[in-house]
Amino acid sequence: MDNLTHTLTGVVLNRVGLSRWHPQSVWLLMLSANIPDIDIVTAMRGALPYFAAHRGYTHSIVLAPVMALIPMLVVCAVSRSMRGWKVAYLLSLIGVASHLLLDWTNSYGVRFLLPFSSSWFRLDLSNIVDLWIWGVLLAATVGPLLGRLVSSEIGARSGPGRGLAIFALAFLVVYDFGRYLVHQRAVETLNSRIYQGGAPIRVAAFPTGFVNPFEWSGWVERPELVMHFSMNLLAEFDPTSPTRTIYKPEPSPVLDAARQAYPVQKFLEFAQYPLWQVTPVADPEGAHRVEVRDWRFPFTADAVLNRSNQLVSAGFHY
């Protein structure tokens, strides 16, 4: 998820009752709810190093206790006190866990098992930015502040916002379960149709609607092609009207050579649904550009190979 969602989740967790555990609990939870994204420092080395590192070791379960140390040490250093460090560390672990769980729900995925396995885990339930989640978390965060302003004007005592915080966390669970059911329906809808005279060999559905949870990006793979559909599960699905049809290239030495390029290798470690395209280029004469992307995102890696299938250039692009 995006960092605003992670930050607001830390605030809401604090208001559920964790604020009683430590005087700096809100800062501990906000920092720890974002700390796995410290992998952004790799962006200083360029787009490809950041892409290769993102949601990797800093998002693994094994290193979660190490990640939790950083916010605890920062808060203790700023407050100039190690008093209650054990509780502070526990709060930090809770914040890190919230980050991993939220990232697990979207299509990008998380490599939970590094360094033992580089497998990606994802639920394909929500967008990285979800306006419904934003709205509820913002309401749970800002609502008590507005309540305090009103209460101060009329001289009444305001509440801590615990009820709204509990509602927000409950909403996250119920909302994601609802998204799970809708996602299953999207996949079943794609699987139950015939496409150009045959059944699909693989299908997938990814969330696209920032407001409408029934809008999904549907993909269907056949032996010779891949089809993309803009799905609205409140309307009838038409398997004969894809928004895009992409024909697969035949296996060839140029594809084999492109797979050896470093950017392409790193991209294939991420790609769950690689989609290849080969196009001729004018310079150098007789050369081809091989481009690979993933159904889920517009990230691409490409390699230009000359007529002898020797690498001329290669790159990665967001």
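Further up the page is the structure itself.
We now turn to the structure provided with this report.

What counts as what
- Residues numbered from 1 in each chain as written.
- Predicted model: local features only at pLDDT ≥ 70, side-chain atom pairs only at ≥ 80, totals over all residues.
- Heavy atoms only, no water.
- Pairing = 2+ DSSP bridges.
- Helix = DSSP H or I, 4+ residues; strand = E, 2+ residues; numbered from the N terminus.
- Axes fitted to C-alpha atoms, helices over the stretch in contact; angles between N-to-C directions.
- Contact = heavy atoms within 4.5 Å.
- Buried < 20%, exposed > 50% of the residue type's maximum accessible area, 1.4 Å probe, protein only.
- Arc of directions from axis to C-beta.
- Parallel < 35°, antiparallel > 145°, perpendicular 65-115°, else oblique.
- Left-handed = near helix turned anticlockwise from the far one by under 90°.
- Nonpolar A, V, L, I, M, F, W, Y, C, P; charged D, E, K, R; others polar.
- Salt bridge = Lys/Arg side-chain N within 4 Å of Asp/Glu carboxyl O.
- Polar contact = N/O pair within 3.5 Å; in protein donor to acceptor, adjacent residues only side chain to side chain.

**Describing the sheet that holds strand 4 (residues 244-247)**
- The four strands lie next to each other as 1-2-3-4, forming an open sheet whose pairing is antiparallel. For this open sheet the edge positions go to strand 1 (202-207) and strand 4, each flanked by a neighbour on one side alone. Each neighbouring strand pair of the sheet contributes to a mean axis angle of 20 degrees, computed without reference to strand direction.
- Each of strand 1, strand 2 (215-221) and strand 3 (225-232) is contacted by helix 7 (residues 162-191), which is oriented at about 145 degrees to strand 1, the strand it contacts most.

**Observations regarding helix 9 (residues 262-270)**
- Listed in full, the buried residues belonging to helix 9 are P263, V264, K266, F267 and F270. Projected down its long axis, helix 9 carries its buried residues within an arc of 165 degrees, all on one side.
- Those residues of helix 9 that are buried are in contact with helix 3 (47-53), helix 8 (253-258), strand 5 (274-281), strand 6 (287-294), strand 7 (300-305) and strand 8 (311-317).

**Quick look at the packing of helix 1 (residues 3-16) against helix 5 (residues 85-104)**
- Running from N to C, helix 1 and helix 5 cross one another at 135 degrees; their axes reach a closest spacing of 10 Å. As judged from the angle between their axes, helix 1 and helix 5 are oblique. As helix 1 runs across helix 5, the sense of the crossing is right-handed. Seen from helix 1, the contacting residues are T5, H6, T9 and L13; seen from helix 5, they are I94, S98, H99, L102 and D103.

**With respect to the packing of helix 1 against helix 7**
- For the pair helix 1 and helix 7, the least separation of the axes is 8 Å and the interaxial angle reads 125 degrees. Our classification of the angle between helix 1 and helix 7 gives oblique. The element helix 1 and its partner helix 7 pack so that their crossing is left-handed. In this structure, helix 1 uses V12, L13, R15 and V16 to contact helix 7, whose residues at the interface are R162, A165, I166, A168 and L169.
- Residue classes in the contact of helix 1 with helix 7 are distributed as seven nonpolar, no polar and two charged.

**Examining the pattern of salt bridges**
- Going through the model one piece at a time under the given rule, you end up with eight salt bridges.
- With a closest N to O distance of 2.6 Å, E221 and K248 form a salt bridge. Taken together, the residues span a long stretch of sequence, with E221 in strand 2 and K248 in the loop between strand 4 and helix 8 at a distance of 27 residues.
- Given the relative accessible area of 26%, K248 is considered partly exposed.
- Between D256 and R259 there is a salt bridge whose closest N-O contact spans 3.4 Å.
- With relative accessibility at 32%, the residue R259 sits in the partly exposed group.

**Notes on the environment of S241**
- Here S241 shows up in the loop between strand 3 and strand 4.
- For S241, a relative accessible area of 43% corresponds to the partly exposed category.
- Reaching out from S241, the side chain makes a polar contact with the side chain of D238 at a distance of 2.8 Å.

**Considerations on the pairing of strand 2**
- Counting buried positions along strand 2 gives six out of seven residues, so the element sits mostly inside the fold.
- As defined by bridge partners, strand 1 adjoins strand 2 across six bridges and the pair is classed as antiparallel. Each bridged residue has a counterpart across the sheet, and for R202 the counterpart in strand 2 is E221.
- For strand 2 and strand 3, the ladder comprises seven bridges, and the chain directions are antiparallel.

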